[in-house]
Structure formats: C-alpha cells, structure tokens
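Working through the structure, step by step
This is what each chain is made of:
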Amino acid sequence: MSAPEPMQYIENKTYAEIAVGDHAELTRTLKPQDIELFAVMSGDVNPAHVDAEYAKTDMFHGVIAHGMWGGALISAVLGTELPGPGTIFLNQSLTFEAPVGLGDTVTVRVEVTEKLEKGRVLLACTCLNQDGISVIEGVARVIAPRDKVRRPRVVLPEVHLHVQGAQYARLIAATEDLEPVRTAVVHPCDALSLSGALDATRQGIILPVLVGPKAKIEASAQEAGLSLKGFEVIDTPHSHAAAEAAVALVRAGTVDALMKGALHTDELMEAIVDTTLGLRTERRMSHVYVLDVPTYPKPLLITDAAINIYPDLGVKRDIVQNAIDLARALGTSLPKVAILSAVETVNPRITSTLDAAALCKMADRGQITGGLLDGPLAFDNAISPVAVAAKGIVSDVAGIADFLVAPDLEAANMIAKQLIYLAGADAAGIVLGARVPIILTSRADSTVSRLASCALAQLVINHQPSTLP
C-alpha cells in the first residue's frame, strides 16, 4: 500500500516579510476546456474564442484565449503565492501584446518593484509564452497581508463541461445525406407532438402522414402557430382508430416508420402487436433508450425500458440483438454490450447473473452477432473505469460499455429515469423488432430529443441489420 500524499499547504508573505525583487511564477498550458469554462463562467461567447470555424477567418486564424484568462492567472499568483492569502487587490493595469492560442504554454511572473506606505505593494506582472514572447504586461497594486496565513490547500472539484444535445447533434448530422423517411405520425393531437413531427420534417428527417381526428390535429396546429398546408392528413374518429390506421399504412407499404403522438404507448402497441393485423416479425420487439449523459463520453444505450416486463432468456437474446443492430446503425462497428445484474460474478440465486452468462455464451456460439458481450456486470463496473480498476476486472467491455442490458423493464426504466432526472441526460427512444422502426417520444422530451428519436429511425432504415438464425 502506497503512502498517502503529504498535505499541501498555501502560505502567504506578510508586508513585513516582503522585499523588493521578490517574485513568484505559475505556468499553465491553454486547453479547450480552459476556454469553455471561462466562457461559461463569464458569459463571454465571442466567436473568436468559442467558434473554431469563425476563428479561422479572424485576424489570428484560430481560436485564442479570452484576454482576461491571462489576467485571471496573474490574480491566481497574487492570491496564492505572492503576497498570497489575505492580499487585497486595489488596481491592475494590463497591456495585451500578443494572442494566446490553444496549446500555448504561458508563464506568469509577478515581481515586487516597490513597497509603499500603509501596506501597499507594487508588482510588475508579465506573461510569456513558450517562445519567450510577452503576451501580457502590467502592474498590480495590492495591500499585502499583515498576519501570517498557512492553510491546507483546498482541493478543487472536478468540472465536467457538457454541451446539451451534442451527441444528438452528431446523430442528426449523420442523416443529412439520407432521404427523409415517410412516417405515419399517430394521433398528433397536441401542440407538442405535432411540433416535434414538423420540426423533424423541416430537418429533412421524415415525411409525415398525420393520422388522427382531423379537427383535433388542425386545432393543435392553430394552437402551436403551425401551418398544415401541403401535409397529408388521414382522418380517424379517435386515437385507437388512428393506431389501427397507421399500422395498416405500414402493412400496405405506404409508410416506413411510425411515430407516437398524443396517445398512450399501450394503445399504440396494442395495434402493433395484434397477431392478425399487426407488425410482428420473428424477432421480439423491444425498446432502446439512447441517452446523451453529461458525464459519459459517448451515447449510452439502455434496453428494454418500455416493452418487455420480465423477459426470459429467449426474449433477452432478441433484446440484445435489436440493440446491437441499432448501435451499428449509429456507427459503432463492434458495440460493447454490458449485461447488468447486482454483481459481477455468477450466482445461482440471482437469475439475472445466469442469464448474463448464458447470453455471453450464446454470442460465442453465434446466436447473437455483431457485438462484444460481457456479464454479469454491476452498473458501476459497466460504465466506470475507476470501479473496474478497483475490483481488478479484466474485460474489453467493463467501464466503457456502449449499451446496458437491464435484467427487466423495471430496472431499465429506473436506470434511464435516474440518469435523466439526476444526471441531466437527454433521452431519445425507439422500438425495434417490428416491420418498421417505431419512434417513441414523451411529453418530457426536449426538441432535440424528439429530432434524435426520428434520426434513429432514419439511420436504422438506411442500415442493413443483422439477423438471428
């Protein structure tokens, strides 16, 4: 066991201890995260700092730091090194002599040039880049502390910057060269569901056929300030009839996807799973969440959170294969599949661990194709490299999973909702295994989530899925 790191302290120099010529330095390399964090903190979103495309056309031909980023580094030296804790800032002059670009290393130096009355001190402030070029010059006037301060250095929290919808923006961008999918929008009888469908239309993702009571659809359009001119509307008396009519359009080959509007999921699925007139295939239908989680570096898929309540091993096989097909359609050539349980070892008293082991063996035997499976894995071992290292797990999936297969609907739904409401994740969703993809949205979905759900269907349709034997 290694010895603990020694306690780090921060200590000042009092006015009595300071002498002309005393100096202190700090060195920092400019990273994209520095610019992003400074922009978030200050609200300064000048495109010269945060827009790489614009910055290419600017006089410096690339992204540069905010000028006051360097000023903040000077403040850090004054407040933590010389004079240090207890210093009161009175005045700071700054001259910006050269830009600081990404990857530049800046050395900040402050030097005492004069001691004045009443504890005042003047310090020359210089910032040099890695080539010795001065980027900032200035003078600081401060009141130096009278009393000695020596305190444990505060450990700063980790900061995770997340651009909301960034993962989804990439999904949507991937559809730019694809043909819009002709989609039956089932019972779009509120402003939210109708707006979502028309937003996807404007993005070129779907071509909607609006199925439901025409008067209600028109009223919803009026409420949302939308025009239905040029859109096909199939009039039905109520939501149940709208679901049946939309399914009939699929069976007739008129549309290639379904999109849920303002009706319950159960009502839509009842028409879809009908043994005679529905959209069943040999593959079991299942739902997949595609989550944009602020603390996870890539889209995280979770299944099945909406269709199969307590799936047996055979159903889980289809659930896994559906999700693999989706992940591959999204551009992941070999999806890493974590089969979840409460523990990472097989326990005969925990059925989900037996199912996980069986699913991994089924993949070995070619009964599940296109993905890399491991399980059982507890949730932390599936998504956290730190947890994996702590438990000594050797795995090509653990800690970096592309998607999580929960033991049952309850677990999957709770995991997804916790990530949405506690971790700030955005959620897109789709049902696979039917004749066509089914776009499921909820009232809580953001605009970008609705667009992402439509993009999932478009990407699935334009990708050749694998098939079970």
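Here, the structure is the one placed above.
Nothing here was measured: the structure is a model prediction, and the numbers come from that model.

1. Some details on the side chain of Q458
- Relative to the elements of secondary structure, Q458 occurs in helix α15 (residues 447-461).
- Of the polar contacts made by the side chain of Q458, one reaches the backbone oxygen of E179; its length is 2.9 Å.
- In contact with Q458, not counting residues within four places along its chain, are T175, L178, E179, P180, V181, G204 and I205.

2. Comments concerning the environment of R317
- When you line up the elements, R317 lands in helix α10 (residues 313-329).
- The exposure class of R317 is partly exposed, given its relative accessible area of 22%.
- Residues R317 and I383, spaced 66 residues apart in sequence, show a C-alpha to C-alpha distance of 22 Å.

3. Here we look at a nonpolar patch on the surface
- A surface patch of nonpolar side chains, amounting to about 340 Å² of accessible area, comprises L37, V40, V159 and L161.
- In this fold, L161 is placed in the loop between β7 (150-152) and α5 (166-173).

4. Structural notes on the sheet that holds strand β16 (residues 403-405)
- Across the sheet, which stays open at both edges, the 11 strands sit in the order β10-β9-β8-β11-β18-β17-β12-β13-β16-β14-β15 with mixed pairing between neighbours. Only two strands of the sheet have a single partner each, and these edge strands are β10 (232-235) and β15 (372-377).
- Both strand β12 (residues 286-292) and strand β13 (residues 300-303) contribute to a ladder of 4 bridges, which runs antiparallel. Among the inter-strand pairings, L291 is bridged to a residue of β13, identified as L300.
- Contacts between helix α6 (residues 191-202) and the sheet are confined to β8 (181-186), β9 (206-212) and β11 (257-260), with β9 contributing the most and set at about 155 degrees to the helix.
- Along the sheet face, helix α11 (residues 351-364) touches β14 (336-340) and β15 and points at about 165 degrees away from the line of β15.

5. Thoughts on the pairing of β15
- Pairing geometry for β14 and β15, over 4 bridges, is parallel. Along β15, the bridge assignment pairs L340 with L377.

6. Points about the packing of aromatic side chains
- Applying the stated rule across the entire model yields 0 aromatic pairs.
- It is K115 that lies over the ring of Y15; its NZ or CZ is 4.3 Å from the centre.
- The positively charged end of R150 is found above the aromatic ring belonging to Y9, 4.0 Å away from the centroid.

Criteria and cut-off values
Residues numbered from 1 in each chain as written. Predicted model: local features only at pLDDT ≥ 70, side-chain atom pairs only at ≥ 80, totals over all residues. Heavy atoms only, no water. Helix = DSSP H or I, 4+ residues; strand = E, 2+ residues; numbered from the N terminus. Polar contact = N/O pair within 3.5 Å; in protein donor to acceptor, adjacent residues only side chain to side chain. Contact = heavy atoms within 4.5 Å. Buried < 20%, exposed > 50% of the residue type's maximum accessible area, 1.4 Å probe, protein only. Patch = residues over 30% accessible without salt bridge, like charges linked within 9 Å, V, L, I, M, F, W, Y side chains within 5 Å. Areas by Shrake-Rupley, 256 points an atom, 1.4 Å probe, with all protein chains shown as cover. Salt bridge = Lys/Arg side-chain N within 4 Å of Asp/Glu carboxyl O. Pairing = 2+ DSSP bridges. Axes fitted to C-alpha atoms, helices over the stretch in contact; angles between N-to-C directions. Phe/Tyr/Trp six-rings, centres within 6.5 Å; stacked < 30°, edge-to-face > 60°. Lys NZ or Arg CZ within 6 Å of the ring centre and 35° of its normal.

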